[in-house]
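The primary structure of each chain is shown beneath.
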Number of protein chains: 2
Amino acid sequence: MSDSLYLRIAAEVEQGLDSGEYPPGSRLPSVRRLAAEHGVNVLTALAAYRHLERRQRVSARPRAGFFAALPSRAQQASAEVDGLPSAATLVRVDSRMSQLIEWSGLDIGTQLHMAEAHGSMYPSAALARRLQQTLNQRPELISAYLPRGEQARLHRLVCELAAQWQLELEPDAILFTHGITEAISLSLRLLTRPSDTVAVETPVYFGLLQTLEALGLKALEIPCTPDAGLSLEALEFALRHGPAPRCLVTVTNFQNPTGALMPDEAKKRLLRLAYRHGLTIIEDDVFGELYFGEQHPTPLKAWDSRGEVIYCSSFTKSFAPSFRLGWLSGGRHHAALARLSNSSSLVSSALYQGMLADVLANGDYTRFAERLRRRLARQMRQLADAVLAAFPKGTRLRRPQGGLLLWVECPEGLDTGRLLERALAESISFAPGLVFSAEPRFGHCLRLNFGQPWSPALERAIATLGRLAGEQLCQ
Amino acid sequence: MSDSLYLRIAAEVEQGLDSGEYPPGSRLPSVRRLAAEHGVNVLTALAAYRHLERRQRVSARPRAGFFAALPSRAQQASAEVDGLPSAATLVRVDSRMSQLIEWSGLDIGTQLHMAEAHGSMYPSAALARRLQQTLNQRPELISAYLPRGEQARLHRLVCELAAQWQLELEPDAILFTHGITEAISLSLRLLTRPSDTVAVETPVYFGLLQTLEALGLKALEIPCTPDAGLSLEALEFALRHGPAPRCLVTVTNFQNPTGALMPDEAKKRLLRLAYRHGLTIIEDDVFGELYFGEQHPTPLKAWDSRGEVIYCSSFTKSFAPSFRLGWLSGGRHHAALARLSNSSSLVSSALYQGMLADVLANGDYTRFAERLRRRLARQMRQLADAVLAAFPKGTRLRRPQGGLLLWVECPEGLDTGRLLERALAESISFAPGLVFSAEPRFGHCLRLNFGQPWSPALERAIATLGRLAGEQLCQ
Ligand SMILES: Cc1ncc(COP(=O)(O)O)c(C=O)c1O
Ligand SMILES: Cc1ncc(COP(=O)(O)O)c(C=O)c1O
């Protein structure tokens with residue numbers, strides 16, 4: 001075996017690792033394949049991988065082959081200096097996400113860590129009756145595909161709804177997806193390739209960080225505050241000076257976790273900025289229908305004359321979580337997204353779509369959503385009052401104008417990760433600040449869910465949380 | 001602007017195109033990005049792209065940027081000589097798929113082109129009542145997540161079902177997906193990277209070709225006949241001599257379109273072959289529950305002691321198409337698939353899953369599926385008899401032992417693409433052979449769906465098809 005030969009092959013693989021052709025954690029070509037590609041025997045190819053393994057650039061997994069190594073802590077640290085969290089950082093976020101999902105299954109008395117309204121906030125009995133009516137009237141909806149006429153009717157009704165919030169769409173520019181999660185995942189798969197960078201808000205909901213991680217993408221975190229929302233100054237700076245991100249994902253209305261609402265003027269400015277820099281925007285409007293004011297805030301998409309915004313919306317929060325009905329309007333990417341969705345999940349449930357059309361048409365949807373909004377607004381006030389009363393001096397929050405989430409900034413010294421451990425022992429959960437960024441910036445913050453009906457037990461739980469926070473600060 | 005500079009940049013991009021780093025049809029780095037990467041100004045980067053555009057290696061789309069060109073016809077032809085259909089060939093298949101989907105929406109009197117049973121074959125009224133019962137008993141299922149206890153119960157019940165067909169699985173090795181389409185798409189996303197090769201049967205259902213195309217994958221087509229099923233000889237030859245495919249996707253039971261059932265012995269041989277060559281298998285068992293014999297044929301997975309098979313199954317055909325309930329058991333890839341699914345579509349509908357658990361537990365599922373199987377077996381015989389009576393001499397078919405599809409091989413001279421045009425004029429549809437391969441091998445074949453209730457109109461339609469086929473042969 002020629003020494004120089006295996007080193008040359010190793011060097012080429014290493015180049016692929018550096019260029020991002022093989023993102024961290026991805027599977028590398030099999031030894032047989034590497035050998036075939038370079039016209040050498042398998043021993044030489046294996047020697048190349050072993051060499052890289054000793055240098056900790058690749059790792060072997062029994063029977064699974066070789067994988068691009070995750071960056072070491074040292075590499076991570078230098079990546080963080082650049083403000084570009086590495087994929088490895090995201091992997092850690094991912095495991096925290098799984099942790100949170102685990103908790104939902106656990107026997108925790110007061111669960112405040114999710115971004116969902118409690119099941120009892122939705123009229124299940126009424127929904128069950130509507131489902132049965134829909135199926136009795138149109139038993140053919142049991143088949144997988146939505147009949148074309150039905151589809152057109154549903155899309156028209158969704159367009160009528162969107163028009164109420166100043167968003168004018170054509171019925172054939174609507175695509176239903178499996179929750180908004182699928183809409184965002186499809187959009188990212190279309191717009192990016194592994195190791196690309198995507199601009200996101202920080203703090204940002206960990207589901208998005210998890211999706212970026214699964215696609216091997218890097219997150220460029222742009223500050224977002226409850227008061228001012230996404231910092232356009234920071235975004236503009238990044239667009240001017242950094243490596244250009246492929247796209248921006250932004251929750252324009254009642255951001256998760258800060259609750260920030262981007263003002264109309266900022267939305268228009270953001271759009272001009274995007275046009276100037278050729279930046280595609282994925283607008284996640286999952287909470288828009290949960291407004292406490294006069295009406296659903298106007299989405300960014302409403303002013304998008306060039307089709308640069310992929311607008312993503314969902315009925316999961318405002319109507320029936322378990323129906324998993326999300327939708328998108330993809331601008332100039334729409335046709336490509338429709339094809340991708342077809343090969344990823346084929347179609348959305350015809351029965352749920354058919355029933356949604358019925359409740360949009362007969363006004364039930366509006367009535368149900370209206371009641372949900374009123375209850376959420378009240379619960380938000382109750383929760384915010386209780387937090388301010390119970391938490392240590394210096395705790396700050398801004399009452400959101402919609403959504404499900406209250407972002408609480410405790411005094412800087414507080415470690416909400418440790419607080420959570422104490423809280424879980426008292427059978428109370430919340431989402432600690434550390435899960436909302438790949439960087440350790442929000443360790444003193446926490447996110448509470450006000451989708452739980454107000455109750456004496458909940459009131460006591462907030463008092464307990466506040467007491468635990470105070471105790472930690474006094475230690 | 002230095003001449004040699006833009007040419008050097010162009011050469012580098014071209015290398016990326018050749019190596020598959022930029023698969024055909026993919027979006028290339030923006031001009032700004034290319035310029036930044038090479039430390040040149042944007043005019044130089046643009047010149048590089050324009051150079052490649054003149055050479056037809058890239059194509060510009062207004063406001064969208066530059067894209068890797070699809071292979072030209074000449075390139076395709078040479079690719080076909082290698083037996084490796086190019087991605088561009090798949091693009092054509094894709095548009096045919098859309099065409100077929102279009103037809104389902106059209107007003108065609110006799111629709112025989114799908115792989116679905118007609119809506120009336122499913123007991124919608126009974127299903128609606130069961131849905132309502134489930135929701136009345138457990139209104140909390142309206143929330144997005146399936147409570148952990150419920151989840152465990154459903155997985156146990158699915159394991160009990162699978163055990164009836166000799167497949168022993170652990171409850172936590174089950175993952176529900178959005179139809180089997182999502183299960184297969186996730187598996188392919190995990191196992192492959194763009195421009196990898198995947199072994200598939202030929203003929204094969206076009207949905208799979210479409211999925212491969214969307215992921216930028218190449219199909220290595222391994223012959224499959226109604227009598228003998230997948231040719232293990234051809235597969236072994238390919239594994240020994242060709243570039244190693246990343247994985248094999250196979251429909252082991254009642255293949256689409258041939259209806260082939262892989263015998264147990266062949267399944268065991270296939271598994272030994274896969275182990276020997278380090279080949280991961282994605283087993284698509286979408287039709288397994290639609291058996292006409294004694295029981296669901298034993299899946300490949302049942303003998304997989306090493307976790308090399310990703311088993312994909314679905315309740316879409318055997319229970320309720322519109323519920324979109326597929327599932328997989330991923331062997332040694334299971335945990336990675338669960339993470340990927342989480343970030344692609346979050347969770348499957350809790351309500352549908354909850355109701356499925358109820359009907360699995362109370363025996364309704366078995367009763368419904370049993371009735372469906374009996375009706376399908378009868379319809380298959382009626383359709384096969386009618387085809388043999390009506391079609392020209394020399395037409396061959398093999399009665400499948402399950403599934404929904406009858407594969408008809410007409411005399412070699414017949415062009416079923418032309419036949420379809422004539423048939424559509426008579427308001428009859430079927431799936432022409434040409435959509436089942438990227439190569440023009442099955443132009444004399446057609447696939448008929450026996451999921452439609454037998455009726456005098458259907459009988460007349462088959463007689464018409466047979467007459468049109470005979471007329472074409474006599475021309
Ligand atoms: C901001 C945001 N986007 C997306 C999602 C996922 O929504 P869906 O359930 O529609 O997939 C959530 C869920 O909480 C969210 O908070
Ligand atoms: C062989 C095969 N696999 C997968 C599918 C897609 O199934 P699902 O509806 O469960 O996504 C089909 C649909 O006809 C099929 O024939």
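Here goes a summary of the coordinates provided. Quick caveat: nothing in here was measured; it's all calculated off a predicted structure. Every chain is numbered on its own, with residues counted from 1 as its sequence reads. Here every chain gets a letter starting at A, and every ligand a number starting at 1, in the order they are written. Note on the predicted model: pLDDT of at least 70 is required for a residue's local features to be given, and 80 or more for side-chain atom pairs to be given and counted; whole-chain, interface and lining totals, by contrast, use all residues. Water and hydrogen atoms were dropped before computing side-chain values, which therefore reflect all heavy atoms in the structure.

**Here we look at the sheet that holds strand S5 (residues 197-202) of chain A**
What counts, and what does not: We call two strands paired when DSSP finds no fewer than two bridges between them. We count a stretch as a helix when DSSP gives it H or I for four or more residues in a row; a strand needs E for two or more, and each element gets its number in order from the N terminus.
Here we have eight strands laid out as an open sheet, ordered S4-S11-S10-S9-S8-S5-S6-S7 (chain A), and mixed in their pairing. Edge positions in the open sheet fall to strand S4 (175-178) and strand S7 (229-230) of chain A, since each of these has one partner strand only.

**So, the site of ligand 1**
Basically, it comes down to this: Definition of nearness: a residue and a molecule or strand are near each other if at least one heavy atom of the residue lies within 4 Å of the molecule or strand. Two N or O atoms count as a polar contact when they lie within 3.5 Å, although within protein this holds only if one can serve as hydrogen donor and the other as acceptor, and sequence-adjacent residues are included solely when both atoms are side-chain atoms.
Surrounding ligand 1, one finds 15 residues, the nearest of these being Thr181, Asn256, Asp284, Lys317 and Arg324 of chain A. At ligand 1, the nearby residues belong to more than one chain, namely chains A and B. Measuring from an oxygen atom of ligand 1, one finds a backbone N or O atom of Ile180 of chain A at 2.8 Å. Contact distances for ligand 1 include 2.9 Å between an oxygen atom and a side-chain N or O atom of Ser314 of chain A.

**Observations regarding the sheet that holds strand S10 (residues 309-314) of chain B**
Residue and element names in this part refer to chain B. Strand order in the open sheet made by the eight strands is S4-S11-S10-S9-S8-S5-S6-S7, with mixed pairing throughout. Edge positions in the sheet fall to strand S4 (175-178) and strand S7 (229-230), since each has one partner strand and no second. Pairing geometry for S10 and strand S11 (residues 325-329), over four bridges, is antiparallel. When the bridges of S11 are listed, Ser314 appears paired with Gly326.

**What about the packing of helix H6 (residues 124-137) of chain B against helix H13 (residues 350-362) of chain B?**
Residue and element names in this part refer to chain B. This is how it is decided: Axis definition: a line fitted to C-alpha atoms, limited for helices to the stretch in contact. Angles are taken between N-to-C directions and run from 0 to 180 degrees. Working definition: roughly parallel below 35 degrees, roughly antiparallel above 145 degrees, roughly perpendicular at 65 to 115 degrees, and oblique for all remaining angles. Note on definitions: a residue-residue contact is assigned when non-hydrogen atoms from the two residues lie within 4.5 Å. Only Asp, Glu, Lys and Arg are considered charged in this grouping, and only Ala, Val, Leu, Ile, Met, Phe, Trp, Tyr, Cys and Pro are considered nonpolar; every other residue, Gly among them, is considered polar.
At a minimum axis separation of 9 Å, H6 and H13 run at an interaxial angle of 105°. The angle between the axes of H6 and H13 places the two elements in the roughly perpendicular class. Within the contact between the two elements, H6 uses Leu127, Arg130, Leu131, Thr134, Leu135 and Gln137 and H13 uses Leu351, Tyr352, Gly354, Met355, Asp358, Val359 and Asn362. For the contact of H6 with H13, the per-class residue count stands at seven nonpolar, four polar and two charged.

**Details of the site of ligand 2**
Close to ligand 2 lie 15 residues, the nearest being Thr181, Asn256, Asp284, Lys317 and Arg324 of chain B. Site remark: ligand 2 is flanked by residues from chains A and B. A distance of 2.7 Å separates an oxygen atom of ligand 2 from a polar atom in the side chain of Asn256 of chain B. One nitrogen or oxygen atom from the side chain of Asp284 of chain B is found 2.7 Å from a nitrogen atom belonging to ligand 2.

Don't take any of this as a statement about function, it's just geometry.
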